[in-house]
Number of protein chains: 4
Amino acid sequence: MNTMGRNFRITTFGESHGAAVGVVVDGCPAGLPLQESDIQPLLDRRKPGTSPLTSTRREEDRIEILSGVFEGRTTGAPVAMMVRNEEKRSQDYDALREIFRPGHADFTYQVKYGIRDHRGGGRSSGRETIGRVAAGALAMKYLSGKGITIAGKIVEVHGRSDPREIEDAILAAKMAGDSVGGIAEIVGRGCPAGLGDPIFGKLDAAIAGAMMGIGAVKGVEIGDGFAVAGRFGSENNDPIRKDGFASNHAGGILGGISSGQDIVVRIAIKPTPTIGKTQHTVDIHGNEREIAIEGRHDPCILPRILPVAEAMLALVLIDALLEQEGYPH
Amino acid sequence: MNTMGRNFRITTFGESHGAAVGVVVDGCPAGLPLQESDIQPLLDRRKPGTSPLTSTRREEDRIEILSGVFEGRTTGAPVAMMVRNEEKRSQDYDALREIFRPGHADFTYQVKYGIRDHRGGGRSSGRETIGRVAAGALAMKYLSGKGITIAGKIVEVHGRSDPREIEDAILAAKMAGDSVGGIAEIVGRGCPAGLGDPIFGKLDAAIAGAMMGIGAVKGVEIGDGFAVAGRFGSENNDPIRKDGFASNHAGGILGGISSGQDIVVRIAIKPTPTIGKTQHTVDIHGNEREIAIEGRHDPCILPRILPVAEAMLALVLIDALLEQEGYPH
Amino acid sequence: MNTMGRNFRITTFGESHGAAVGVVVDGCPAGLPLQESDIQPLLDRRKPGTSPLTSTRREEDRIEILSGVFEGRTTGAPVAMMVRNEEKRSQDYDALREIFRPGHADFTYQVKYGIRDHRGGGRSSGRETIGRVAAGALAMKYLSGKGITIAGKIVEVHGRSDPREIEDAILAAKMAGDSVGGIAEIVGRGCPAGLGDPIFGKLDAAIAGAMMGIGAVKGVEIGDGFAVAGRFGSENNDPIRKDGFASNHAGGILGGISSGQDIVVRIAIKPTPTIGKTQHTVDIHGNEREIAIEGRHDPCILPRILPVAEAMLALVLIDALLEQEGYPH
Amino acid sequence: MNTMGRNFRITTFGESHGAAVGVVVDGCPAGLPLQESDIQPLLDRRKPGTSPLTSTRREEDRIEILSGVFEGRTTGAPVAMMVRNEEKRSQDYDALREIFRPGHADFTYQVKYGIRDHRGGGRSSGRETIGRVAAGALAMKYLSGKGITIAGKIVEVHGRSDPREIEDAILAAKMAGDSVGGIAEIVGRGCPAGLGDPIFGKLDAAIAGAMMGIGAVKGVEIGDGFAVAGRFGSENNDPIRKDGFASNHAGGILGGISSGQDIVVRIAIKPTPTIGKTQHTVDIHGNEREIAIEGRHDPCILPRILPVAEAMLALVLIDALLEQEGYPH
């Protein structure tokens, strides 16, 4: 299942060290102005090597639009987009060919498929998200024309919320050959009331599924999330006034349908499992092994996950919007 | 979208005060022994009126199997199951015909559909979950034959975790015409490694979507969930030994695929929005109004939500299992 | 897969001799006036026992709407509809419990499921189409509000096209304990241009799949169908004039998308496989057997299949229309 | 809807004169040996320029596998395959920019999308089928390992069935600046009994939908097809013997499920709409126009459609097979 969405359907493909990674977007409305330069800036945000807080790998990641655009506008046909994998130091990964890295998908992929592209995580690599971000950029372009915007921010890393503290925590982890987790918040603004379907098509259910479908995410909250567990109903209900809701504990969704308020989502992101510290594991033959993974890792994935999480929210919102609109013309 | 699942597909129907509520299960393996008495006990667990902690409404909720069973065994044809709505005091709800209850789906349904069955919540009523629980009971019957079991428990209500404290908190809220939220944990045991698909079909993404698709749920965690945000990678990675994983911070899922460990899910449940206390709201004409909802409400929905959450986990797991197995024979 | 449609999704359930047959319609637009009397007349058309040309079985088939309607209008929630199976002379079928009727699905169901409800065809009975016709009636009600109408007719039976000849052919077959096949034509009028999707969502592909999904259908044509095989391009292309197309060889669909002309479909229907004449077959133990099926059979299923085929076309068209419209309000 | 299939899901992309055409195959079983040379020969069969009977355009169409293969075997990840569009004489099509060619999708695309890539048919070009044939080649590789083979042949062109007569008919049409239609037959051999689902997932319904989803197809028959309309039931039923069915009027499918016999499909293919003869039409401004399309056209598309139709049958069969098998390992 490498496809997401019912109306704005994206199918991603590609592995970390294969020929290319990319995405096919099916269901994009016709007539939308589109060129590579609409997509590239969002891809650049998820690149490594842009700050001391991220991996020093260099990835150029030039997007190419392969189809679906005619004289600068989308035609309603599938928009295929691709990035060639340039820097492929596959031999760096030879030591990992037969070993299961703790916290990674190595073991479960091996069990499921009986074969595994071990180079840089293969299909489970973060490079797969290039396709998501490219599709998300396309979605955001359409959404912004409808007055809908999406913005994410880091709210906590390793228990700290002050930006300087956060930077210190990440650099300390890096120094120690370790990694740290955190919490990000993504907000959708300008979303009309009425998006989402009751029962199994709830907008919050779609958001939760989309966010938990990002590699490192272990928790999702809508609105006040887990804090509601400590509340009275009289505190938690959002009173309604003539001019709208008086508060937004619900995070912009009631009964699975958008209320017109900001859509507020928070996600818990685990520390990057790839660390330099020695860990206990086994190889594919069942022998116990120790590994310490050398190389250029992200001590904290949050800065690079933000554009991915924003893309996922954009993809859910455009899908719900097109469900309402049908084929816009 | 009243359908859930790809292989074990359930479609629920019915409103609180319509003729009936029910479910059609499509894709149930053939040859499974099935009769009403396999389903009824799970429905009875979600009934109100069974303890001072829940609503005093009486709902008999006798399940009837309408199709898909021949001489006591499933045939592979759709299993339709139905409960007639017996106690329909629709006139109790006349006062709510034109008013939007805070914290409810009244406003968003009205915006989306332009029409709303206000009686007892209509389609957004908890009675819709009868279909889910009935389908979940069928799923559990199949799963238990594969050695997979599912169990839920309340871990926190209004900030307390001691059972006696919890009971006190609920009764106090009831007395005050208020309600309280909490946290429940659902664990799947005996699940084989290899279930779930990478990328957009991740097992944890399906679980998150399913759980957030339960009316009152505002947050979902897998494994250690939000706690991972405060961790080092070296603490959070589960070491692997010859005889299996040495810990289960991941909650039984790696890269979206089950690892063979217990699958651990926690959900945050908001306080029931229906309360006796006076609240500010508006009616469908835009006039500001005050309401205090008299009647038989649940001061805390957790005891009744447990069988629903268990059913949702069962439905996700059987769907992933049948994806692996194809048509079992 | 007992579900059809993407936007107007119907799920049928039930067997010939189970408790009930029915359908759940998900995605029906809200606000549509609906009562049982909108559905019943179409069901009555597919009933047996109404003319000497059909089986003498009596089926009352009273439809009951179980959900999705509030004060006489649809609410956007699933519309479940059900017919109780009244006349269940299951013992009539005891002789067929272990035998595979030629031309029927008995053998293939047994191979696929390892279990089979032999009573009256079980799930493969024509009674399953009650759910389709009921859902189709609902679809037609919506379509007619958009100016779209659907009408089917018999164009050929056993090689004859004159109505009197057709009646004679059917009665002769009945007398001989045999059955005859034929061809029906279904036309959709008033359909706007632009419905259907290119490539795998073509309107003609959806129609072909829907029609071939009716039990006895062995061939489907759009427009001139197989006759185009003998044509020159210069004969077969429909010239375009200022005021529209000058002919309709294409049957109202170009490139998978409706052109605004009449949508013309023809289907080939095989002779009913249930006949009184002696046939060679085997039983489930592999023994060769002879059967002559006594009882009340249809010597020609065309008169009763017409409302089913009309329903299938209505279901395809409403699905394509809602794809364009989104949620109408 | 540029995606086909439930288990072996293919998504095609690309236009005649865009950067590339291709396909992403999702759900391909892991461990299958695969390289470009497995795919190329089937693509070469659908190329023009290989005989006097087809267009003289030269298309190199070198396939490149972009993902999903590791050390010569599929990994279970999406297999993306692409062909760069080499010969793009887009200016050849300038005369067609504002004109609707009769028998083509020009008019309906314009109505639906309000924009149209007119160069070589754009998305509705036969070049889109490159993706289908590439995916079909992959499917056939898997199927042949299960003993299932697929073969198509031309059975009739412009009313003639003798190969020499057929060649003459095509060359005569070419000379006259015209085109001719015909009938092809595709047979699947070695398919096990039990594939396909009752009701809306019937194997014959899936085949009919797939075949009618090929651009020029206007009719589909299974088994004896339209001929059954002239039969008695006693002639048409296939008797069953100890050693199998005594005939195959049904075309290998009963009740929507494969019987183990050959699966026999016939399709009616219209004359290529692109002809040199003068035709009446209109332009996008509504002015009446005459066109005579110069250039290198196929006077009969049947030879080039055969590999496409074989691919479509392969795609339907592998999808049904994987539905039974689940994830093979």
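In this text the structure is predicted, and so the values were computed from the model without any measurement.

Calculation criteria
Residues numbered from 1 in each chain as written. Chains lettered and ligands numbered in written order. Predicted model: local features only at pLDDT ≥ 70, side-chain atom pairs only at ≥ 80, totals over all residues. Heavy atoms only, no water. Helix = DSSP H or I, 4+ residues; strand = E, 2+ residues; numbered from the N terminus. Rg over C-alpha atoms; globule rule 2.2 N^0.38 Å. Buried < 20%, exposed > 50% of the residue type's maximum accessible area, 1.4 Å probe, protein only. Contact = heavy atoms within 4.5 Å. Pairing = 2+ DSSP bridges. Axes fitted to C-alpha atoms, helices over the stretch in contact; angles between N-to-C directions. Least-squares fit on C-alpha atoms with pLDDT ≥ 70 in both. Buried area = accessible area lost by both parts, 1.4 Å probe. Salt bridge = Lys/Arg side-chain N within 4 Å of Asp/Glu carboxyl O. Nonpolar A, V, L, I, M, F, W, Y, C, P; charged D, E, K, R; others polar. Polar contact = N/O pair within 3.5 Å; in protein donor to acceptor, adjacent residues only side chain to side chain. Parallel < 35°, antiparallel > 145°, perpendicular 65-115°, else oblique. Left-handed = near helix turned anticlockwise from the far one by under 90°. Patch = residues over 30% accessible without salt bridge, like charges linked within 9 Å, V, L, I, M, F, W, Y side chains within 5 Å. Areas by Shrake-Rupley, 256 points an atom, 1.4 Å probe, with all protein chains shown as cover. Lys, Arg positive; Asp, Glu negative; His and termini not counted. Charge placed at Lys NZ, Arg CZ, Asp CG, Glu CD.

Turning our attention to the overall build of chain A. Each helix and strand in chain A was counted, giving 7 helices and 17 strands. Relative to the 2.2 N^0.38 estimate, which gives 20 Å for 329 residues, the radius of gyration of chain A is 21 Å and therefore close to what a compact globule would have. In terms of its C-alpha atoms, chain A occupies a principal-axis envelope of roughly 65 × 55 × 40 Å. For chain A, the residues scored as buried account for 65% of the 329 residues in total. Long-range pairs, those at least 24 residues apart, make up 71% of the contacts in chain A between residues at least 6 apart in sequence.

Another aspect to go through is the sheet that holds strand E2 (residues 9-14) of chain D. Residue and element names in this part refer to chain D. Taken together, 5 strands build an open sheet; the order of strands is E1-E2-E3-E7-E4 and the sheet is antiparallel. Across the chains shown, the open sheet's two edge strands, defined by having one partner strand only, are strand E1 (3-4) and strand E4 (63-65). Looking at chain direction, E4 and strand E7 (residues 79-84) are connected through 3 bridges and run antiparallel. When the sheet's bridge partners are listed, Glu64 is paired in E7 with Met82. Of the strands in this sheet, E4 and E7 touch helix H1 (residues 36-46), which is tilted by about 150 degrees from E4.

Here we come to the relation of the copies chain A and chain B. Between the two copies, chain A and chain B, the superposition gives an RMSD of 0.0 Å; the rotation angle is 180 degrees and the shift along the axis is 0.0 Å. This pairing of chains is accounted for by a two-fold axis. If distances are taken from each C-alpha of chain A to the rotation axis, the shortest is found for Gly209 of chain A, at 2.2 Å. Both copies present the same face, since 100% of the interface residues in chain A are matched by interface residues at the equivalent positions in chain B.

Let us now look at the interface of chain A and chain B. At the junction of the two partners, chain A supplies 96 residues and chain B supplies 96 residues. Carbon and sulfur atoms make up 64% of the area that chain A and chain B hide from each other, which totals about 7,400 Å². Broken down residue by residue, the surface that chain A buries against chain B is led by Phe200, Lys218 and Phe226 of chain A, which jointly contribute 11%. In this assembly, chain A and chain B are joined by 0 salt bridges. Here the element with the most residues in the side of chain A that touches chain B is helix H2 (residues 106-113) of chain A; it accounts for 6 residues. Its residues assigned to classes, the side of chain A that touches chain B comprises 43 nonpolar, 33 polar and 20 charged. Pairing between strand E10 (residues 217-222) of chain A and strand E10 (residues 217-222) of chain B: 3 bridges, direction antiparallel. Its bridge partner being in E10 of chain B, Gly219 of chain A is matched across the sheet by Glu221 of chain B.

Attention now moves to the pairing of strand E17 (residues 288-291) of chain A. All names here are of chain A. Where strand E16 (residues 279-282) lies against E17, 4 bridges are found, and the strand directions are antiparallel. Paired with Gln279 across the two strands is Ile291, which belongs to E17. What sits between the antiparallel neighbours E16 and E17 is a turn of 5 residues, in which Gly286 has the positive phi angle 90 degrees.

Quick look at the relation of the copies chain D and chain C now. Applying a rotation about an axis and a shift along it to one chain copy brings it onto the other copy. Once turned by 180 degrees and shifted 0.0 Å along the axis, chain D lies on chain C with an RMSD of 0.0 Å. Both copies share a contact surface, since 100% of the interface residues of chain D are interface residues in chain C too.

Where helix H2 (residues 106-113) of chain C is concerned, the buried positions are Asp106, Thr108, Tyr109, Lys112 and Tyr113 of chain C. Against the buried residues of H2 of chain C lie strand E13 (253-254), strand E14 (257-258) and helix H7 (302-325) of chain D. Immediately downstream of H2 of chain C, the backbone of Gly114 of chain C shows phi near 75 degrees, a positive value.

On to the interface of chain D and chain C, then. On the side of chain C, 96 residues touch chain D, which itself brings 96 residues to the contact. Taking both sides of the interface into account, the surface hidden between chain D and chain C amounts to around 7,400 Å²; carbon and sulfur atoms contribute 64%. Contact with chain C buries surface across chain D, with Phe200, Lys218 and Phe226 of chain D losing the most and accounting together for 11% of the total. Our count for the chain D to chain C interface comes out at 0 salt bridges. For the pair chain D and chain C, the interface holds 39 residue pairs in polar contact (both at pLDDT 80 or more). The greatest single-element share of the side of chain D that touches chain C, amounting to 6 residues, is contributed by helix H2 (residues 106-113) of chain D. The residue makeup of the side of chain D that touches chain C, split by class, is 43 nonpolar, 33 polar and 20 charged.

All names here are of chain C. Where helix H3 (residues 129-145) meets helix H7 (residues 302-325), the closest approach of the two axes is 8 Å, and the angle between their N-to-C directions is 50 degrees. The orientation of H3 relative to H7 falls into the category oblique. In terms of crossing hand, the pair formed by H3 and H7 is left-handed. For the pair H3 and H7, the contacting residues are Thr129, Arg132, Val133, Ala135, Gly136, Ala139, Met140, Tyr142 and Leu143 in the first and Pro307, Val308, Glu310, Ala311, Met312, Ala314, Leu315, Leu317, Ile318, Leu321, Leu322 and Glu325 in the second.

On the surface, Asp162, Glu165, Glu167 and Asp168 of chain A cluster together to form a negatively charged patch. Position of Asp162 of chain A relative to the elements: it lies in the loop between strand E8 (149-157) and helix H4 (163-175).

Quick look at the sheet that holds strand E1 (residues 3-4) of chain B now. Residue and element names in this part refer to chain B. Within the open sheet, the 5 strands sit side by side as E1-E2-E3-E7-E4. Their pairing is antiparallel. Strands at the two margins of the open sheet, each flanked by one partner only, are E1 and strand E4 (63-65). Here strand E2 (residues 9-14) pairs with strand E3 (residues 20-26) via 6 bridges, running antiparallel. Considered in E3, the bridge of Gly14 is made with Val21. Across the face of the sheet, helix H3 (residues 129-144) comes into contact with E2, E3, E4 and strand E7 (79-84) while running at roughly 35 degrees to E3.

Attention now moves to the pattern of salt bridges. Summed over all chains, the structure comprises 80 salt bridges over all chains. A salt bridge links Glu64 of chain A to Arg84 of chain D, with the shortest nitrogen-to-oxygen separation between them at 2.8 Å. Here Glu64 of chain A is found in strand E4 (residues 63-65), whereas its partner Arg84 of chain D is found in strand E7 on a different chain. When the shortest N-O distance is used, the salt bridge between Arg97 of chain B and Glu71 of chain C registers 2.6 Å. Here the residue Arg97 of chain B occupies a position in the loop between E7 and helix H2 (106-113), and Glu71 of chain C occupies one in the loop between strand E5 (69-70) and strand E6 (73-74), the pair thus bridging two chains. Among the charged side chains, a salt-bridge network with shared partners connects Arg46, Asp61 and Arg127 of chain A.

Residues and elements named next belong to chain B. When you line up the elements, Asp94 lands in the loop between E7 and H2. Classification of Asp94 as partly exposed rests on a relative accessible area of 46%. A sequence separation of 140 residues divides Asp94 from Ser234, and the C-alpha atoms of the two residues are 59 Å apart.

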